[in-house]
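Report on the structure
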Amino acid sequence: MASTASVLASTVASATAAAAEDLRFSITDYVVFTLMLSASAGIGVYFGFFSKAKNTTEEYLQGGKKMPTLPVAISLVSSQLSGVAMMSIPAETYAFGFNMIFVVQAMILAVPVLIYVIVPVFYDNKVSNCYEYLEMRFNKRTRQLVTITFILNQFLMLPVYMFVPSLAFSQVTGYNIHLINTIVSSVCVFYTMLGGIKAVVWTDVVQGGVMLLSVLLVAFLGTSNTGGLSTVLEYATEGGRMDLNFGLDPRLRITFWSSMFSGLLLWTGKVGLDQSCVQRIVSLPSYNHAKRCLLMAGFGFILIMSFTCFIGIIMFAYYYGCDPIQAGLVSKTDKLMPFFIQDIMGHLMGMPGVFISCVFSASLSSLSASLNSFAGVVYFDYIKPRINHTEARANGIMKMVIVTMGAYCILGGFIVQNFNSIIQTMWTITGINTGAVVGVFLLGMFVPRCNAKVAVTGIAFSVLVMLWIIFNGQLNFKAGLIRYDPMPNGLDKCEARDFQVILKAINNNISQVVTSPAPSLDAPKAITTAFDSDRDFSIYDISFYWYKVLGAILVFAWAIPMSYVWPLDKNEKQNPKLYSPFVRNMLNKPAPVLELEELPLKAPLPEEDTKEKENDIPRDA
């Protein structure tokens, strides 16, 4: 029996591979892809060897604070659009509907917060590393605690950034995924190591152009091949993908409320309080340049990401009633995007190569920015205090850190390949500490009465509680108490819509023996799904989209009461520049000076004044 099952599995796999053989890269696609990688490497070589710039840490990390506004804005957009976004967000809307658009729209709220609350503080205090602010406002221990969380985040996320596009390339070429990961990670490390922040920004400009072209092209061709925008909306509505969820239950996987609040925390933390982005914002000559840059970046981000979200809806409408996942051609939703691209663009010479280049461009921009900022944080916070610092030595050490981290990313790919949902994994990992980091920065800028002791314990409290909640939540997932099954699709319309590749896979797989499990006599288990729950409420069942919000709330929930237990030293002088402009105006306001006629006529004189008057002692004596 086991032998028969093995033979059947082998036959099905062979049939699926044969059916997908038509959806492969051509020579032209390989040429397009190679040109994109070569352009990125060439920019690194130029800024590393031929650009006339000083060999200083300021030049390497901040471009001499002379970076132009538009390229930095494009770079900020590019680095937010990682390969995870280009692959997993369409997969998310395909499987769970269009509520993801509210995460994108939260950028509308985040941009004013960045412009008027956070970035002015960095410019007024001449901060080049956002974690410097925490040392100025609180103490060195607070800075070190947050930089440790930054470093841990990079260790967890950088392998994901690089592995996802390798997944896409493997899907359309059949090459070993770890070989691809090794080659492309090496190219990224090469140009980041040589060119510093200038190479990062200018490669982001090239890669951002490729991304915009690709997203618009996919949206146009997908809509056209489905039958037009009205058909896309009709099929998506019939399939429930356009249903917007305004439910208040925090256990629902994604709703308007969880999207907006978590999106606001995400973009505030990622753009305004993460060194990989802050490093580029403060590389601009002035605050006014930064303000214009953030407005342009916000507009560009919303434009591209809205199209990216809608591509998932287009993808569902295109495969409505003929799901490649159920047919066995695609193993999981994160792999669906490259299959879709090959399906709608495979007949256009070089177009699949353009899109896969787009996915790689997105990941390379995120990876390069993170590597550059990671090297700066590691050097200035942990290496510089322990060595005899010179500019040449500093640049050499930072380049070594980048190479080491690149090697780690390649090895990390062997772990990332086992993840089921990439986007869920990312939000869960970053949910451990992102809320705490955003919370402590906002605490420093808005609550003057909080001191270093309150801040450090607040971070620790938030991270430990979130670790406990997330750990127990994962145990509930493993026990089957939480199950996020996607919204249904089917295979009933494949023949009517003439999907030959999918029909071929279905026909080849039709001989597979399906054995139904014996019905269980136990009572059905109460579970929490993506759209409802019949379990008693438990904090461990809340959606991963709420993790960042809860982490930030925990910081304030601890810090405000404890600021009365551990109050500020009365002799400690407060520097108004360390607070948000809204708070500065309320600090140290002089008491109003009353004119003589404004004083009450019948007010009794103070006791000292009465004695002085009786003894005829002058007041200034």
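These figures come from a predicted structure and were not determined experimentally. Residue positions are given per chain, counting from 1 as you read along its sequence in written order. Only residues with pLDDT of at least 70 get local features here, since the model is predicted, and only at 80 or more are side-chain atom pairs given and counted; chain-wide, interface and lining totals rely on the full set of residues. To get the side-chain values, all heavy atoms of the structure are used, and hydrogens and water are removed first.

Some points on the overall build of the protein chain
The way it works is that DSSP assigns letters per residue, a run of H or I at least four long becomes a helix, a run of E at least two long becomes a strand, and they are numbered from the N terminus. Tallying secondary structure elements over the protein chain gives 25 helices and 2 strands in all. Think of it in three bands: residues with accessible area under 20% of the maximum for their type are buried, residues over 50% are exposed, and the middle band is partly exposed, with areas taken using a 1.4 Å probe on protein chains only. When the 621 residues of the protein chain are sorted by exposure, 56% land in the buried category. Across the protein chain, contacts joining residues at least 24 apart in sequence account for 86% of those joining residues at least 6 apart. The criterion used for residue contact is that any of the two residues' heavy atoms lie within 4.5 Å.

Re the packing of helix α7 (residues 107-124) against helix α14 (residues 287-318)
The geometry of α7 relative to α14 is characterised by a closest axis approach of 10 Å and an angle of 160 degrees between their N-to-C directions. Comparing the axis directions of α7 and α14 gives the class roughly antiparallel. With respect to the hand of their crossing, α7 and α14 are arranged in right-handed fashion. Within the contact between the two elements, α7 uses M107, I108, V111, L114, I115, Y116, V119, P120 and Y123 and α14 uses Y287, A290, K291, L294, L295, G298, F301 and I302. Nonpolar residues are Ala, Val, Leu, Ile, Met, Phe, Trp, Tyr, Cys and Pro. Charged residues are Asp, Glu, Lys and Arg, and all others, Gly as well, are polar. Partitioned by chemical class, the residues of the contact of α7 with α14 number 15 nonpolar, 1 polar and 1 charged. Convention adopted: a line fitted to C-alpha atoms gives each axis, helices being fitted over their contacting stretch, and angles between N-to-C directions are expressed from 0 to 180 degrees. Note on terminology: angles under 35 degrees are roughly parallel, angles over 145 are roughly antiparallel, angles of 65 to 115 are roughly perpendicular, and the others are oblique. Throughout, a crossing is termed right-handed when the near helix is turned clockwise from the far one, and left-handed when it is turned anticlockwise from it by less than a right angle.

Regarding helix α4 (residues 69-80)
One full turn of an α-helix is made of 3.6 residues, so residues set three or four places apart face in the same direction. Take the number of residues in a helix, subtract one, and multiply by 1.5 Å to get its expected span. Given a rise of 1.5 Å per residue, 12 residues ought to cover 16 Å, and the 17 Å separating the end C-alpha atoms of α4 matches this to within 8%. Across the 12 residues that make up α4, a large majority, 10, are buried. Among the residues making up α4, those that are buried are T69, P71, V72, A73, S75, L76, V77, S78, S79 and Q80.

A word on α7
Taking 1.5 Å per residue as the helical rise, α7 with its 18 residues ought to reach 26 Å, and the 24 Å between its terminal C-alpha atoms agrees with that figure. At L114, α7 shows its largest kink, close to 45 degrees. Listing the buried residues of α7 in full gives M107, A110, V111, L114, I115, V117, I118, V119, P120, V121, F122 and Y123. Positioned one or two residues after α7, K126 has a phi angle of 50 degrees, which is positive. Fitting one axis to the seven residues ending at a residue and another to the seven starting there, the bend at that residue is the angle between the two axes.

What to know about the packing of aromatic side chains
Only centres within 6.5 Å qualify two rings of Phe, Tyr or Trp (six-membered ring in Trp) as a pair; their planes then separate them into stacked at under 30 degrees, edge-to-face at over 60, and tilted for everything else. Per the counting criterion, the structure on display carries 29 aromatic pairs. Between the aromatic rings of F122 and Y133, the centroid separation amounts to 6.2 Å while the plane-to-plane angle is 70 degrees, which identifies the pairing as edge-to-face. Of this pair, F122 sits in helix α7 while Y133 sits in helix α8 (residues 130-137), placing them 11 residues apart in sequence. This pair shows no difference in class: F122 is buried, exactly as Y133 is. Here the aromatic cluster, defined as three or more aromatic residues joined through ring pairs, consists of F122, Y131, Y133, F150 and F441. Counted as over-ring charges are cases with an Arg CZ or a Lys NZ within 6 Å of the ring centre that also lie within 35 degrees of the ring normal. In this structure, R253 is placed above the aromatic ring of F96, and the distance from its NZ or CZ to the ring centre is 3.8 Å. Its guanidinium or amino end placed over the ring of Y564, R449 lies 3.8 Å from that ring's centre, counting from NZ or CZ.

Describing unusual backbone geometry
The phi angle at K126 is positive, at roughly 50 degrees, despite the residue not being glycine. As for its placement among the helices and strands, K126 is situated in the loop between α7 and α8. We classify K126 as exposed; its relative accessible area is 72%.

Notes on the packing of helix α20 (residues 434-446) against helix α21 (residues 452-478)
Contact geometry for α20 and α21: axes closest at 9 Å, N-to-C directions at 155 degrees. On the basis of their axis angle, the class for α20 and α21 is roughly antiparallel. Between α20 and α21 lies a crossing whose hand is right-handed. Packed against α20, whose contacting residues are A436, V440 and L443, the element α21 presents A455, I459, S462 and V463 at the interface. Considered class by class, the residues forming the contact of α20 with α21 number 6 nonpolar, 1 polar and no charged.

Digging into the nonpolar core
For soluble globular proteins, nonpolar side chains are generally found buried alongside one another. By nonpolar core is meant a set of buried Ala, Val, Leu, Ile, Met, Phe, Trp, Tyr and Cys residues that side-chain atoms within 4.5 Å join together. If you look at the biggest cluster of nonpolar residues, it comprises 171 residues, and the most contacted ones within it are F122, F340 and F441. With 17 residues, the single largest contributor to this core is α14. Not counting residues within four places of it along the chain, the set of residues in contact with F441 comprises F122, C130, Y131, Y133, L134, V146 and L273.

So, the pattern of salt bridges
In the sections that follow, a salt bridge refers to a side-chain nitrogen of Lys or Arg positioned within 4 Å of a carboxyl oxygen of Asp or Glu. If you walk through the whole model with that rule in mind, you get 8 salt bridges. The shortest N-O distance in the salt bridge between K493 and D492 comes to 3.4 Å. Assessed through its relative accessible area of 62%, D492 is described here as exposed. Put simply, R535 and D541 hold a salt bridge, and the shortest N to O gap is 2.8 Å.

A few points about the environment of K453
Tracing the backbone shows K453 in helix α21. Separated by 113 residues in sequence, K453 and W566 place their C-alpha atoms 7.5 Å apart.

A short note on the side chain of T308
As for its placement among the helices and strands, T308 is situated in helix α14. Taking the relative accessible area as the measure of exposure, T308 reaches 2% and is therefore buried. With near-sequence residues (within four places) excluded, T308 lies in contact with A85, M86, I89, P90 and V215.

Quick word on the environment of L229
One can find L229 in helix α11 (residues 229-238). Owing to a relative accessible area of 47%, L229 belongs among the partly exposed residues under this scheme. Along the primary structure L229 and I314 are separated by 85 residues, whereas in three dimensions their C-alpha atoms are 8.7 Å apart. Residues within four places of L229 in sequence aside, it is in contact with T223 and F310.

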